[in-house]
Amino acid sequence: MSGTTDISWMIGGPQGTGVDSSATLFARAMTVAGYWVYGKREYHSNIKGKHSYFQVRVKDVPVHSNTDPVHILSTFEHSTAEIHADEVVPDGAFIYDPRVTDPADLPLPSGVTKFPIEFGKIIEEIAEETGSNPVKLGIMKNTVAVAASAALLGVEIDSIEEALKGIFTGKKAKLVDLNMKAAEKAYAAIKPQAGFGDFVYKLEKPSNPPKSKSRLLVNGATATGLGKVKAGCRYQTYYSITPAVDECIYLEQHPEFGIVVFQCEDELSAINMAIGAATTGIRSSTSTSGPGFCLMSEGIGWAGINEVPMVVFNYQRGGPSTGLPTRNEQGELLFAIHAGHGDYPKIVMAPGDMHECFEDAFNAFNFAERYQTPVIVLPDKALANNTQSIEPFEEASLKVDRGQIEGVDPNYKEGDLEAGIQQFPRFKITDSGISPRVLPGTPGKIFWTTGDEHTEFGHITEKPEIRIPMHEKRMKKLDLAAKEIPQDLQYKLFGSEQADLTMVAWGSTKGAILDAMDVLKKEHNITINFLQIRMMSPFPSEGVGAILKKAKKVACIESNLSGQLAQLVRMRTSFEIPHQILKYTGRPISETEIVASALDVVKKDEKKVVLTYGR
Amino acid sequence: MAVKTLESPLKAAKYKSDLTSDWCPGCGDFGIVNGIQQALAELALPPWETYLFSGVGCSGKTPHYIQVYGSHTLHGRVLPYSLGAKMANPHLTVLAVGGDGDGYGIGSGHFVHAGRRNVDMTYIVFNNEVYGLTKGQASPTLEKGMQPKSLALPHISQAINPLALALACGYTFIARSYAYDPKHLKATIQAAVNHRGMALIDVLQPCPTYNDIHTKEFYAEKLEKEGNEIPRVYYIEETGYDGVVKNSNDVQEVNEKRMNAFNAMYKLEDQVALGTFYKIELDTYDELLGKNLPQLKDAAPIDLKYHDDQMNPTTDLSSALAEIQV
Ligand code: SF4
């Protein structure tokens, strides 16, 4: 057996016991060893005690999604074993603590090799050797679980050490040695066990190991935060909400960014403070999730009618109402494009991976200022929380676009104040729909803003002869945006022009579809092309319509109940997508599910496939 | 952050916009608009660096009549808009105006939390005890048992006490003035703008159209006390009251001034007290922010550069990227 190049590993445990940090250690160690990783984080709306788990897929080429079965399930507590035992592949491995779990009680497939590890004993030994309190060292059971798995996969212990050094820096650097003791004992405990040598999923050495420190291990919340920083965002408001809060915390933890991160009393305040700040010319944004976004819609309308450039990130989660607060869903597409009462232009974009989170966060501020209107970005929980190893972000080609801003009038004379106060036609009717801005503080000029319909100077009016051109002027900006924004930021077609099946999707399902395309070609000789839609408003009707009309067979894949993208496509292109693949359990769609459902559509002509996998 | 003033002040008339107001004849709002214009003129504030926000309601139209940056925002949200603007650009002088329903009703959550932050701005509430623009429904300051002509039945909810609420929330300048007392109103607005921190002025504002109880005549009445004639409205400082904390580090003084202020704010009497009930100098929000964020020690958020002349972004991400580089 020469080994494998694609495995899936899982650790679980009650929330608050270090599941996240052990997954980080595992993912980091595998990246150090030269593999690519993709990690899925699942948790309850609870702080301590309820079950959570992290699944990490390791591959020797870039990987963008999870597969469903698990090759190694590693845990030191019983509930994870009970909940996930039947997910282990028949020739997989189960690493467990014999003091808490008897594998005979579990629905493990019969071929699974069991590797008992005395987690407690290892901790007690280290405590004795170092004169430490064993209770305090308990958290290191995570390190044992990770190291035992790495040993089983045939990964050298150096990678664990390197990963620990990356995690424990500064004052925490002394924890590296302590954790290495745990790792060494784990390697020593698993290697002599029966079945170690025969484990079939030993990883082959990576074919193309990268230079050290050339990849990023990142989740969507961090990628978004970094994009905002790069864009020059200086003001970010939020009201704590899962999963949007992760991005806000990331920004708060980096005071050197120079971003005012302001925790508000509610989302009404969050949106309106961000808009108030934006009216001064600062780059300003807020991040929220479904329930908070509902509260924000009135404010977004004010920014729309007053042409204020500002950015809202709405991290979608399971709805309606509180719904599934910590789970994934793409249920807010139609709401986002229609948020607020009345007609006003908004730009709505949906990133599909870590690079697009960064890129969209950067571009959102440019679009907001160029088109002087709110920009809504719709990541989802899976993007926010899932971790991926990626190539570095593309920074060199980025340009800041502040749109049309006027400075001081050349006729303005300092000191000549009596003559010098000019009422500025901030909402001047123009052909393009864009009226130049001045920013508060520009000597000599003032204007007004109001949520009422208004004149060019921003005073209230109800005159039809002003209402008509003003209302039309605002809306025209969307046509301009549709023309100017590069096509690949609006939609992308992956794969060949002609295919057995065209998959249409948006957001985090992108990764699973890209990975599944290869599998369907190699293992089933089915060609798929994939139409990713990134720009939801203005919608790229022509481009999308043209691709769909030429397609042999089309399926729309979404994480929601009603097929919201399919509805939007029909509304904007009159094209009725005949096949739907939907998932609304709150768990992300996997490569495995895409492969199976694509076969259902291609071979059995299924009209609607509902996916259900995952705990 | 210091605010610039004009070398040669403009006349109050220069702070009038060319719009005619559409308030009812006799509305107290006229007096408040004049008070604001005069205060801005005497403070010599550059109109383009002065930003006046409003909520929604009759008072919401105020910015349109004043020749400075004006923003007529959403109902109840005037404070978030103003706070956001001032935090982003502390070089601006920021004032907020709004009605009692706007500030103490639909915006009450923001009213509470604005007190916690001591952002350097002034909030002027037009308190007429009714919702004027929707035809006179009870506002949160209408007292229990009252029945102005616009109400079908007597009011059976308690009124809130805005001054005491402001004190509980941490406002650092709390005053009451009256729409038809131009001198007091102008002086109070000037003092509030000059105060470093979050200032509230609750302005008693007759609404002749819907509130036929607390009218201009009511406030002008003379009362009788122990055989003497006394005015309805008096200035609290003239009674020897002093609500100004001299040393904010002196716990005993702060305690005393706070308790005195509570007593004065809650006093049940037929007279109506105007004046500054409480004032304390504390660090403002942007001063504290400068301690947390190194780049803001000597600069305002709006001043921080993020691109060069060719519009290339200049923010260096390398230290943040180092954390996630593997
Ligand atoms: S309704 Fe009352 S508050 Fe409104 S404008 Fe008329 S008098 Fe003034």
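Some remarks on the pairing of strand β4 (residues 70-74) of chain A
Both faces of the sheet carry side chains from a regular strand, because those side chains alternate between them.
Residue and element names in this part refer to chain A.
Right, so step 1: For β4, a buried count of five out of five residues is recorded, marking the element as mostly surrounded by other parts of the structure.
Right, so step 2: Note that strand β1 (residues 6-14) and β4 share three bridges and pair parallel. For Trp-9, the partnering residue across the bridge sits in β4 and is Ile-72.
Right, so step 3: Bridge count for β4 against strand β5 (residues 88-96) is four bridges, and the pairing is parallel. Residue pairing for β5: Ile-72 is matched across the bridge by Ala-93.

Topic: the domain arrangement of chain A
Residue and element names in this part refer to chain A.
Right, so step 1: Entries for chain A in the domain assignment read domain 1 (6-205), domain 2 (218-390), domain 3 (405-484) and domain 4 (489-611).
Right, so step 2: Averaged C-alpha coordinates put domain 2 and domain 3 at centres separated by 26 Å.
Right, so step 3: Carbon and sulfur atoms make up 54% of the area that domain 2 and domain 3 hide from each other, which totals about 1,800 Å².
Right, so step 4: Looking at the side of domain 2 facing domain 3, the largest losses of area belong to Ile-305, Glu-307 and Tyr-371, adding up to 35% of the total buried there.
Right, so step 5: Across the pair Glu-307 and Lys-477 runs a salt bridge whose closest N-O atoms are separated by 2.8 Å.
Right, so step 6: Our count for the domain 2 to domain 3 interface comes out at twelve residue pairs in polar contact (both at pLDDT 80 or more).
Right, so step 7: At the level of elements, α11 (290-305) and α13 (354-371) are the ones that each hand at least two residues to the side of domain 2 that touches domain 3.
Right, so step 8: For the side of domain 2 that touches domain 3, a count of residues per class yields seven nonpolar, seven polar and five charged.

Points about the site of the ligand
Right, so step 1: Taken together, Trp-23, Cys-24, Cys-27, Cys-58, Asn-128, Gly-132, Gln-205, Cys-207, Pro-208, Thr-209 and Tyr-210 of chain B are the residues near the ligand.
Right, so step 2: In the shell around the ligand, the residues fall into seven nonpolar, four polar and no charged.

Here we look at the sheet that holds strand β3 (residues 51-59) of chain A
For sheets, the rule is that strands pair by backbone hydrogen bonds, running either parallel or antiparallel.
Residues and elements named next belong to chain A.
Right, so step 1: Taken in spatial order, the eight strands line up as β6-β5-β4-β1-β3-β2-β14-β7 in an open sheet, and their pairing is mixed. With partners counted over all chains shown, the strands left at the sheet margins are β6 (113-116) and β7 (216-219), one partner each. Strand after strand, the sheet turns through a mean of 20° between neighbouring axes, direction not considered.

Procedures and definitions
- Residue numbers restart at each chain and count upward from 1, following the sequence in its written direction.
- Chains and ligands are labelled sequentially in the order written, the chains with letters from A and the ligands with numbers from 1.
- Reporting of local features is limited, given that this is a predicted model, to residues whose pLDDT is at least 70; pairs of side-chain atoms are given and counted only at 80 or more, and all residues count toward the totals for whole chains, interfaces and linings.
- The side-chain quantities take in all heavy atoms of the structure and omit both hydrogens and water.
- The classification of residues rests on relative accessible area computed with a 1.4 Å probe and restricted to protein chains. Under 20% of the type maximum is buried, over 50% is exposed, and intermediate values are partly exposed.
- Secondary structure elements follow DSSP: runs of H or I of four or more residues count as helices, runs of E of two or more count as strands, with numbering from the N terminus.
- Here, strands pair whenever DSSP counts at least two bridges between them.
- Where each domain begins and ends follows an automated or database-derived domain assignment.
- Joining two parts hides part of their accessible area as seen by a 1.4 Å probe, and the buried area is that hidden amount summed over both.
- For salt bridges, the criterion is a side-chain nitrogen of Lys or Arg within 4 Å of an Asp or Glu carboxyl oxygen.
- Definition of a polar contact: a pair of N or O atoms within 3.5 Å, with one able to donate and the other able to accept a hydrogen when the atoms are protein atoms, and with sequence-neighbouring residues admitted only if both atoms are side-chain atoms.
- Polar here means any residue outside two lists: the nonpolar Ala, Val, Leu, Ile, Met, Phe, Trp, Tyr, Cys and Pro, and the charged Asp, Glu, Lys and Arg; Gly therefore counts as polar.
- By convention in this text, a residue qualifies as near a molecule or strand provided that one of its non-hydrogen atoms is within 4 Å of it.
- Comment: axis = line fitted to C-alpha atoms, over the contacting stretch for helices; angle = value between 0 and 180 degrees taken between N-to-C directions.

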